[in-house]
Amino acid sequence: MTFPIGRRLALGAGAALPLLAIAPRQAQACSRALWNWPGLGVFIGRNMDWFEDTESNAWILPRGMERDGGAAVNPLRWTSRYGSTVLTVYDNTMVDGVNEAGLAGHLLYLPEASTGPRDPAKPGLSIGQWLTWYLDTCATVAEAVERTRAEPFQIRMAVEPNSGKPGTIHLALNDRSGGSAILECVNGRISVYHDRRYVVMTNQPTYDKQLENLRRFQGFGGTDPLPGTHEAADRFVRAAYYVTHLPTPRSQREAVAAIMSVMRNVSAPFGVADPARPNISTTIWRSVISLEQRTMYFDGVYSANVFWMNFGQFDHAPAAGVRKLAIAGNYDLTGDVSNRFAPAAMFRPLPSNE
């Protein structure tokens, strides 16, 4: 499923065309945008939106970890093939991260997500560990898509214990080649939208309907002017527009600043959050991942500082163990914090409640 984009980007330096392509306490509302610029690499920005602090922390995880998919009956079991650097919410769910092979992923809120009836013959995977499985086992988007279509697991719903809300999420994957995929589980069926042009993702409606809606707007085949609300569909259109109009960057610094400017444009200010509608929430933090520079940037709205982690230098050998950087409440973090991770016990992933 495709749609036209502005001529300006199509003429830019031979760039791959970025048509359109990150849980309330387990499923925050968010936005994600990918920008692929030849010579500088792939940059992914994501906003984490929620009506309260998500108590997010950063973790370095080694390869060789034994995993359990968290289903009560016939859980999926695997051993992590790749180490990763991840951001969590409430220290029970990975919502953003990248593995040592260069595959990055992001969980965003999707009200329509549903898992369908349980088939105990299929290994069960808690939706709270959906991203974990990809970062642990896959090196590229193409590999992740191929393995997903082989149906190695059945997604099961999980409920975040503090809020009591179900983890209705969808998933974005991206890699160093500019590959992109959006995965949505509705009524137990995983729909895969695999195309390097799918670079934007927000929340509801489902991705096919987001693409259809986009065609209404100027620059994408329609006549409607650029929308301005903080609704998910409007954020989708604005992110799509701005990511296709970014100027040619002269450096990694300019590229990171450019994608961060898009994420700030689709952020939501304090005062708009609606706890009854997790897709309408305040932006709590932003991240930008440079897959070429192998660096993750973090911009927390409660802090005046941006800091970063050079994940390319992290040791992911099994003997290196699990390490944690406490972000929650640590408002003085600034600059390069790569050497500030400390050994820690692994957090307990969110199990399925089905």
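Notes on the structure follow. (Residues numbered from 1 in each chain as written. Predicted model: local features only at pLDDT ≥ 70, side-chain atom pairs only at ≥ 80, totals over all residues. Heavy atoms only, no water.)

**Some words on the packing of aromatic side chains**
Here is step 1 of the chain: In total, this model carries 15 aromatic pairs according to the counting rule given.
Here is step 2 of the chain: With centroids separated by 5.6 Å and ring planes inclined at 65°, the aromatic side chains of Y198 and Y207 adopt a geometry described as edge-to-face.
Here is step 3 of the chain: Ring plane angle 50° and centroid distance 5.9 Å describe the contact between Y297 and W308, whose orientation is recorded as tilted. Of the two residues, Y297 sits in strand β16 (residues 295-300) while W308 sits in strand β17 (residues 306-309), which places them eleven residues apart along the sequence.
Here is step 4 of the chain: Counting every residue linked through ring pairs, the aromatic cluster contains Y193, Y198, Y207 and F236. (Phe/Tyr/Trp six-rings, centres within 6.5 Å; stacked < 30°, edge-to-face > 60°. Helix = DSSP H or I, 4+ residues; strand = E, 2+ residues; numbered from the N terminus.)

**Comments concerning unusual backbone geometry**
Here is step 1 of the chain: Of note, the bond from Q204 into P205 is cis; its omega dihedral lies within 30 degrees of zero at 5°.
Here is step 2 of the chain: The phi dihedral of Y90 falls on the positive side, at around 55°, and the residue is not glycine.
Here is step 3 of the chain: Summarising the element assignment, Y90 is placed in the loop between β6 (84-89) and β7 (93-99).
Here is step 4 of the chain: Its identity as a non-glycine residue notwithstanding, R294 has a phi of 55°, on the positive side.
Here is step 5 of the chain: With respect to the element layout, R294 can be found in the loop between β15 (282-290) and β16.

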